[in-house]
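Notes for the structure review
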Amino acid sequence: MSNSPMTDLQTRYRGLELKNPFVPSSSPLTGDFDAARRLEDAGAAALILPSLFEEALHYEEERMTHFLDHQDIGHFEAETFLPDMRKYLSELDQHVERIERYKKSLSIPVIASLNGVTPQGWIRHALDLQEAGADALELNLYGIPSRRNKSAVEVEQNYLFLVQKLLETVSIPVAVKLSAQFSSPVHFIGELEQLGVQGVSVFNRFYQPDIDLTTRHVVPRIQLSHSYESLVRIRWIAMLRNQVELGIAATGGFHTAEDALKGLMVGADVIHVCSVLLQNGPNHMADLLRDLRIWLNENEYASVQQLKGCLSYRNAINPAAFERANYAELIGHDAWLKVDLKRHRE
Ligand SMILES: Cc1cc2nc3c(=O)[nH]c(=O)nc-3n(C[C@H](O)[C@H](O)[C@H](O)COP(=O)(O)O)c2cc1C
């Protein structure tokens, strides 16, 4: 089957018209200018910059104050070796400069990402990123609610308050990137939509601390994802699609065109890719696009639009497969599981 360029890959997401559904998500790869250019050349439809973390700015401010307080070391020659603070680019400056540079050099939409701690920080820095020229903003809602006295309702209300304040401030489209750890994700996303959020990215994937048995230290581990991790996203997007109107980005475990096709079929508007690009480099974007086109041609789809949502909960022939009912069926009746258990008893 020919790789016809006629297949229409366009998709609409948070008010942005994208030429195809593949968007490299926030990571050090998109923060590197050369890699960003290669991603655009290889066909990326937009890109999301690494998050600006508010606590990184606070930490930086503290270090800077400490440095300035100790700058006067009382020896002229020694002081000439100290860095010239006029040339110093703060973390925030670097994010702002990056957006300005990308906007001058790239033609695809550039989406900024923000992870704030305080309402003032969220708002001030969201404005900084908007003024630098970002086409849209993704809020990376990443907190670890570990306090016994903090209820789920309180955590959600704090998030909603922050998002509302931010929506009142910025004029560019806003999306929220969520973790999978919500008791009722569809309800929470519905609340975000009511506030005016234009898109959600489901679900972020975080590094997990590990234990080093030799040193008995807690150590951070970044492990890249695997394709099977896309399945939890696929399930939730299927259930979400017919209950909200906002844009849905699938993120987490989308490594191949097949993974992406499944995400689109259940109703995602765009597919974020991260681990697969970190593993294979920016040019891999072109392979993903080629494979997507081939599948669509072979299966006689004229456009991505035609495919989108065809297997969402409402449209699937067996929607119960997305639900708990299917779980009971699987563990109760599946023959191989019984055989396997028998083998371990022998
Ligand atoms: C090294 C690394 C850095 C990341 N940095 C960010 C970040 O700054 N902000 C953010 O929202 N997500 C960040 N992510 C999460 C990714 O954007 C993505 O949502 C997640 O890795 C799941 O997608 P994947 O399975 O394709 O990797 C990072 C992921 C990795 C691996």
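Figured I'd write up the structure that's included with this text. (Residues numbered from 1 in each chain as written. Predicted model: local features only at pLDDT ≥ 70, side-chain atom pairs only at ≥ 80, totals over all residues. Heavy atoms only, no water.)

1. Here we look at the sheet that holds strand 5 (residues 110-115)
Note the cut-off: One requirement defines pairing of two strands: DSSP has to find at least two bridges between them. Comment: elements are numbered from the N terminus, with helices defined as DSSP H or I runs of at least four residues and strands as E runs of at least two. Under this scheme, a helix contributes an axis fitted over its contacting stretch, all axes are lines through C-alpha atoms, and angles between N-to-C directions fall in the 0 to 180 degree range. Two residues form a contact once any of their heavy atoms are found within 4.5 Å.
The strand order across the open sheet built from 8 strands is 3-12-11-8-7-6-5-4, with neighbouring strands paired in parallel fashion. Each edge of the open sheet is held by one strand with a lone partner, namely strand 3 (22-24) and strand 4 (47-53). The average undirected angle you get between the axes of adjacent strands in this sheet is 25°. Of the strand pairs in this sheet, strand 7 (residues 174-178) and strand 8 (residues 199-202) are connected by 4 bridges, and their pairing is parallel. For Ala175, the partnering residue across the bridge sits in strand 8 and is Gly199. On the sheet, helix 9 (residues 230-241) packs against strand 8 and strand 11 (247-250) and is oriented at approximately 170° with respect to strand 11.

2. Side note on the packing of aromatic side chains
Going by this rule: What counts as a ring pair is set by centres within 6.5 Å for rings of Phe, Tyr and Trp (its six-membered ring), and what kind of pair is set by the plane angle: stacked under 30 degrees, edge-to-face over 60, tilted for all other angles.
On inspection of all chains with the given rule, the structure shows 6 aromatic pairs. A ring pair is formed by Tyr142 and Phe206, whose centres lie 4.0 Å apart and whose planes are at 15°; its orientation type is stacked. Here Tyr142, found in the loop between strand 6 (136-140) and helix 7 (152-169), pairs with Phe206, found in the loop between strand 8 and strand 9 (208-212); they are 64 residues apart in sequence, far enough to count as distant. Ring centres of Tyr159 and Phe182 lie 6.2 Å apart, and the angle between their planes is 45°; on these two criteria the pair is classed as tilted.

3. Brief notes about the pairing of strand 9
Bridge count between strand 9 and strand 10 (residues 217-221): 5 bridges; the pairing is antiparallel. Counterpart to Pro209 in the pairing with strand 10 is Pro220. Linking two consecutive strands that pair antiparallel, namely strand 9 and strand 10, is a turn of 4 residues; a positive phi of about 55° is found at Arg216 within it.

4. So, the nonpolar core
Operational definition: What is meant by a nonpolar core is a set of buried Ala, Val, Leu, Ile, Met, Phe, Trp, Tyr and Cys residues, joined one to another through side-chain atoms within 4.5 Å. We call a residue buried when its accessible area falls under 20% of the maximum for its residue type, exposed when it is over 50%, and partly exposed in between, using a 1.4 Å probe and counting protein chains only.
In terms of nonpolar packing, the biggest core is built from 79 residues, with Phe22, Leu137, Leu139, Leu178 and Leu192 touching the most fellow members. Residues within four places of Leu139 in sequence aside, it is in contact with Leu114, Trp122, Val163, Leu166, Val174, Ala175, Val176 and Lys177. Judged by nonpolar contacts, the second largest core, of 12 residues, contains Ala46, Ile111, Ala136 and Ala175.

5. Focus: the pairing of strand 4
Regular strands have side chains that alternate between both faces of the sheet. Among the 7 residues in strand 4, 6 count as buried, and that is most of the element. With 5 bridges joining them, strand 4 and strand 5 adopt parallel strand pairing. Residue pairing across strands places Ile48 opposite Ile111, the latter belonging to strand 5.

6. Some words on the site of the ligand
Rules: Summary of the distance rule: residues count as near a molecule or strand when at least one heavy atom falls within 4 Å of that molecule or strand. In the analysis that follows, any N or O atom pair within 3.5 Å is treated as a polar contact, provided that within protein one partner can donate a hydrogen and the other can accept it, and provided that, for residues neighboring in sequence, both atoms belong to side chains. Here the open area of atoms and residues is found with the Shrake-Rupley method and a 1.4 Å probe, where only the protein chains shown may cover a residue. Residues are grouped as follows: Ala, Val, Leu, Ile, Met, Phe, Trp, Tyr, Cys and Pro are nonpolar; Asp, Glu, Lys and Arg are charged; all remaining types, including Gly, are polar.
Taken together, 19 residues surround the ligand, and among them Ser26, Ser51, Ser225, Gly253 and Ser275 come closest. Asn140 is positioned such that a nitrogen or oxygen atom in its side chain is 3.1 Å from an oxygen atom of the ligand. When the free accessible area of the ligand is taken as 610 Å², the share hidden by the protein chains comes to 89%. If you list the elements that add at least two residues to the shell around the ligand, you get strand 4 and helix 11 (275-280). Among the elements that take part in the shell around the ligand, strand 4 stands out by supplying 3 residues, more than any other. Of the residues in the shell around the ligand, the class split is 6 nonpolar, 11 polar and 2 charged.

7. Topic: helix 9
Given 3.6 residues to a turn, an α-helix orients residues that are three or four positions apart in the same direction. Applied cut-off: Expected span, for any helix, means 1.5 Å times one less than how many residues it has.
Look at helix 9: 16 Å from first C-alpha to last across 12 residues, which is about the 16 Å you get at 1.5 Å a residue. Of the positions making up helix 9, those classed as buried are Ser230, Arg233, Ile234, Ile237, Ala238, Met239, Leu240 and Arg241. Structurally, helix 9 contributes buried residues whose contacts are with helix 8 (185-195), strand 8, strand 11 and helix 10 (257-266).

8. Points about unusual backbone geometry
Cis geometry is adopted by the peptide bond preceding Phe203, which originates at Val202 and carries an omega value of -10°. Within the element layout of this structure, Phe203 appears in the loop between strand 8 and strand 9. Backbone geometry places Glu300, a non-glycine residue, at a positive phi of 60°. Topologically, Glu300 is positioned in the loop between helix 12 (284-298) and helix 13 (304-307). Residue classification places Glu300 among the exposed residues on the basis of a relative accessible area of 67%.

9. Structural notes on the packing of helix 5 (residues 91-105) against helix 6 (residues 119-132)
The condition is simple: Here is the rule for angles: anything less than 35 degrees is roughly parallel, anything more than 145 is roughly antiparallel, 65 through 115 is roughly perpendicular, and the remaining ranges are oblique. A crossing counts as left-handed when the near helix is turned anticlockwise from the far one by less than a right angle, and as right-handed when that turn is clockwise.
Look at helix 5 against helix 6: their axes get within 8 Å of each other, and the N-to-C directions meet at 30°. Taken as axis vectors, helix 5 and helix 6 run roughly parallel relative to one another. Relative to helix 6, helix 5 is oriented so that their crossing is right-handed. Note on element contacts: helix 6 touches helix 5 through His125, Asp128, Leu129 and Ala132, opposite Leu92, His95, Val96, Ile99 and Glu100. For the contact of helix 5 with helix 6, the residue count by class is 5 nonpolar, 2 polar and 2 charged.

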